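Okay, here's what each chain looks like letter by letter:
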Amino acid sequence: MAQQLPLDELSTVIARIQGLLLTEEKVKTAVRLLAQAAKESVPGTIGAGVSLLDARGRRISSGYTDRIVAQTDAMQYECGEGPCLTAWATEKPVLLEDIREESRWPDWRRAVQGLPVRSVVSAPLIAGRESIGALKLYAAAPNTFDESSTALLQLFAAPAATLLSHIQASEAPHKMTEGLQTSLYSRDLVNRACGVLMERLGISHEAALQWLIRQARDENTALQDISAHVLAGTPAPGS
């Protein structure tokens, strides 16, 4: 059952997150601090973590304290259902006292049968009017969590959601820059491959580009991958 975490200790955790320097790793560091504090607040917890969207809009687990969190979360993302996704979507906390007595999320329950998880509690991370993710705790024994655990987790989730949303917003220009760099690199890769084909086959730039596009379509692969094969001197399949 939940241990009563002193409010000054919770405030210390939040203050540490607020005081993080503006670096690439600050979001991961913030959620790791948060998850570790949440795990330590409830005896019997074997793992804690946060589900968020990455820069590409994919659901990911961040700052998790133990590998079991990533494994159990991955099953939720694959099945498209589970207690944490429900908390995120409904914007309400979810308490699962014993997975063997639970009737919700049948696909996910079957998927995690071999994992040491029996009970779960998850709280949504709500910033303003938007649910940006979920904070969760996993336990190996049934009935580890109760209503007091849920209330305690919400104490962590509420201020953390605001902090994480601000941190993510401050990182947006950096993420866009990374996306632009990736785009420029891909374009350069394709152009250099076109140059190789122009010299090798004696064709125009447009014909070389069309050749790469056909190969990518025929092999059901990315244009960048075909270009990389050309630059590496490896004949693409069908050439």
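Description of the structure in this document. Just so it is clear, the model here is predicted, and its values are computed rather than measured.

Brief notes about the nonpolar core
Here comes step 1: Among the nonpolar cores identified, the biggest contains 27 residues, and Val 50, Leu 125, Leu 135, Leu 137, Phe 145, Leu 153 and Phe 156 are the most heavily contacted of them.
Here comes step 2: Tallying contributions element by element places helix α6 (residues 147-201) first for this core, with seven residues.
Here comes step 3: Beyond its immediate sequence surroundings of up to four residues, Leu 125 is in contact with Val 50, Leu 52, Glu 130, Ser 131, Ile 132, Gly 133, Ala 134, Leu 135, Ala 157, Ala 161 and Leu 164.
Here comes step 4: Judged by nonpolar contacts, the second largest core, of 13 residues, contains Ile 68, Trp 105, Trp 108 and Tyr 138.

Brief notes about the environment of Leu 223
Here comes step 1: Mapped onto the elements of the fold, Leu 223 is located in helix α8 (residues 223-231).
Here comes step 2: Here the alpha-carbon distance between Leu 223 and Leu 189, two residues 34 residues apart in the chain, equals 9.4 Å.
Here comes step 3: Look past the residues within four positions of Leu 223 in its chain and what remains in contact with it is Val 190, Leu 212, Ile 213 and Ala 216.

Focus: the sheet that holds strand β4 (residues 119-127)
Here comes step 1: What the five strands build is an open sheet, ordered β2-β1-β5-β4-β3; its pairing is antiparallel. Among the strands making up the open sheet, the edge pair consists of β2 (59-62) and β3 (94-96). Taken pair by pair, the neighbouring strands of this sheet meet at an average axis angle of 20 degrees, ignoring direction.
Here comes step 2: Strands in contact with helix α4 (residues 83-90) are β1 (45-53), β2, β3, β4 and β5 (130-139); relative to β5, the strand with the most contacts, it is inclined by about 150 degrees.

About the criteria used
- Residues numbered from 1 in each chain as written.
- Predicted model: local features only at pLDDT ≥ 70, side-chain atom pairs only at ≥ 80, totals over all residues.
- Heavy atoms only, no water.
- Core = buried A, V, L, I, M, F, W, Y, C linked by side-chain atoms within 4.5 Å.
- Buried < 20%, exposed > 50% of the residue type's maximum accessible area, 1.4 Å probe, protein only.
- Helix = DSSP H or I, 4+ residues; strand = E, 2+ residues; numbered from the N terminus.
- Contact = heavy atoms within 4.5 Å.
- Pairing = 2+ DSSP bridges.
- Axes fitted to C-alpha atoms, helices over the stretch in contact; angles between N-to-C directions.

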